[in-house]
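Chain by chain, the residues run as shown.
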Amino acid sequence: GSGKTTLIKLLAALLKPERGKVEIDGQDLKSYSPKDLYQKMGLVLQNARDQLFAATVGEDVAFGPRNLGLDEREVEQRVNESLRNVGAEELRGRAIHHLSYGEQKRVSIAGVLAMRPSILILDEPTAGLDPAGEMHMLKLLHWLNRAQGITVVLATHSVDMLPLFVDRIYIMKNGRVLKSGPPREVFADPEMLDHAKLRLPHIAHLLHEMKQRDGVPIDGLPLTVGEARRKLLDLIPPEIFYRNGVEDAS
C-alpha cells in the first residue's frame, strides 16, 4: 500500500502523471511512440500468469519480436537468446499451463528480454517464490545488470537479499520516498524502517539487538552473514583460538 505498483505503472507509461513527468535519458516518456518505448523499456508484472498468453513458451517469447516486424531468422535468434539468458531453453516447447510458478516468472522475463530493452522494470519479482527460487531470481537479475548492462528497477518488500544485489534503495510510504541511498546508508536507520513498516535484514536485526540490548561493541551494522562473521571474529580474543596447526577458527 505504499505506492510501489503505482510508481511502476508510471515508469512504464501505463499511467500518466497528474504532476511532473517521467524521463528516460532526459526525454519525456510522452515523446516516445509505444513501439519505441517498449523496445527501450520492458515491464514484468507481479503475477506472471497475467503476462503469458500463448500456447507454448516459444510462441509467447516470440510474440514481441514478431510484432516488431522482424524476419523469422531474427525472431528465432531472439527467442533462443532470451530463453538461454534466463536458463529456460529446455522449456521452449512446453505448454504455458504446464509451467511451475518459478518457470512462469523466468519465461515472462524472457518475453521482455526478447525485445532487447535497456531497462527492465519488475513488480515484486520474487513474490510467491520459495527461498531457493528467490535467490535464483535475484542472481538472474544481478547477472542481467552486470553482464548484459541492463538497468534493473524492482519493487519489493523482501529486504533480506537486497544488500547482496542492489546498488540503491528507495523506501516508500503513502506514495512518498522516506529515504534513498545505498543499502548500507538506508539500513543504518532502523527507526525510519520501523516507520515504513519494514524491518532490517535478519542478520542485521540480530546484530542490532546485540548492540542495543547486550552492549556488544559492534562497529556499524553488518548486512550480510559474511560481514557479521567478520565483525564478531574481531571481538573474540585471539587467545581462544587453537593455533600451531591444531585449529584456526578465524
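Residues numbered from 1 in each chain as written. Predicted model: local features only at pLDDT ≥ 70, side-chain atom pairs only at ≥ 80, totals over all residues. Heavy atoms only, no water.

A. Examining the overall build of the protein more closely. Helix and strand counts for the protein stand at 11 helices and seven strands. Projecting the C-alpha coordinates of the protein onto the three principal axes gives extents of approximately 70 × 50 × 30 Å. The proportion of buried residues among the 250 residues of the protein is 40%. Nonlocal contacts in the protein, meaning residues at least 24 apart in sequence, comprise 54% of its contacts between residues at least 6 apart. Only carbon and sulfur atoms are counted for the fraction: they give 51% of the accessible area of the protein, which is about 14,500 Å². Across the protein, 33 positive and 34 negative side-chain charges occur, with their mean positions spaced 4 Å apart. (Helix = DSSP H or I, 4+ residues; strand = E, 2+ residues; numbered from the N terminus. Buried < 20%, exposed > 50% of the residue type's maximum accessible area, 1.4 Å probe, protein only. Contact = heavy atoms within 4.5 Å. Areas by Shrake-Rupley, 256 points an atom, 1.4 Å probe, with all protein chains shown as cover. Lys, Arg positive; Asp, Glu negative; His and termini not counted. Charge placed at Lys NZ, Arg CZ, Asp CG, Glu CD.)

B. Representation of the pattern of salt bridges in the model. On inspection of all chains with the given rule, the structure shows 12 salt bridges. A salt bridge links K21 to E23; its shortest N-O distance comes to 3.2 Å. Notably, a salt bridge pairs D25 with K40, separated by 3.2 Å at the nearest N-O pair. Remark: K40 occurs in helix α2 (residues 34–40) and D25 occurs in the loop between β1 (23–24) and β2 (27–28); sequence separation between them is 15 residues. Looking at K40, the relative accessible area reads 22%, which means it is partly exposed. Three or more residues are tied together by salt bridges with common partners; here these are E74, R78, E81 and R116. (Salt bridge = Lys/Arg side-chain N within 4 Å of Asp/Glu carboxyl O.)

C. Fine view of the sheet that holds strand β3 (residues 41–44). Sheet architecture is open: three strands sit in the order β3-β4-β5, paired in parallel fashion. The sheet is open, and its two borders are formed by β3 and β5 (151–155), each paired with just one other strand. Geometrically, the sheet is characterised by an average inter-axis angle of 15 degrees between neighbouring strands, direction not taken into account. Pairing between strand β4 (residues 119–123) and β5: five bridges, direction parallel. Considered in β5, the bridge of I121 is made with V153. Packed on one face of the sheet, helix α1 (residues 4–11) meets β3, β4 and β5 and runs near 150 degrees to β4. (Pairing = 2+ DSSP bridges. Axes fitted to C-alpha atoms, helices over the stretch in contact; angles between N-to-C directions.)

D. Structural context of the packing of aromatic side chains. The final tally for this structure, using the stated rule, is one aromatic pair. Summarising the aromatic geometry, the rings of F53 and F63 are spaced 4.8 Å apart at their centres and angled 90 degrees between planes, so their arrangement reads as edge-to-face. Of this pair, F53 sits in the loop between β3 and α3 (57–67) while F63 is found in helix α3, placing the two residues 10 residues apart along the sequence. A relative accessible area of 42% places F63 in the partly exposed class. (Phe/Tyr/Trp six-rings, centres within 6.5 Å; stacked < 30°, edge-to-face > 60°.)

E. Spotlight on the layout of surface pockets. Space inside the largest pocket adds up to approximately 950 Å³. The wall of the largest pocket is formed by 33 residues, among which V153, L154, R168, I169 and Y170 lie closest to the centre. Looking at the lining of the largest pocket residue by residue, the class counts come to 21 nonpolar, seven polar and five charged. Forming the boundary of the second largest pocket are 18 residues, of which L43, Q51, G111, V112 and M115 lie nearest the centre. Residue assignment for the lining of the second largest pocket shows that the elements contributing at least two residues are β3, α3 and α5 (101–113). Looking at the lining of the second largest pocket element by element, the count peaks at five residues for α3. Its residues placed into classes, the lining of the second largest pocket shows 10 nonpolar, six polar and two charged. (1 Å grid on protein atoms, 1.4 Å probe; cavity = no way out; pocket = protein on both sides within 12 Å on 5 of 7 lines; lining within 4 Å. Points joined across faces, edges and corners; volume = space filled by probe spheres on them. Nonpolar A, V, L, I, M, F, W, Y, C, P; charged D, E, K, R; others polar.)

F. Spotlight on the packing of helix α10 (residues 202–214) against helix α11 (residues 225–235). Viewed as axis vectors pointing N to C, α10 and α11 meet at an angle of 25 degrees, and their least axial separation amounts to 9 Å. It follows from the interaxial angle that α10 and α11 lie roughly parallel. For the element pair α10 and α11, the recorded crossing hand is left-handed. Taken together, the residues of α11 that come into contact with α10 (itself represented by I203, L207 and M210) are V225, A228 and L232. For the contact of α10 with α11, a count of residues per class yields six nonpolar, no polar and no charged. (Parallel < 35°, antiparallel > 145°, perpendicular 65-115°, else oblique. Left-handed = near helix turned anticlockwise from the far one by under 90°.)

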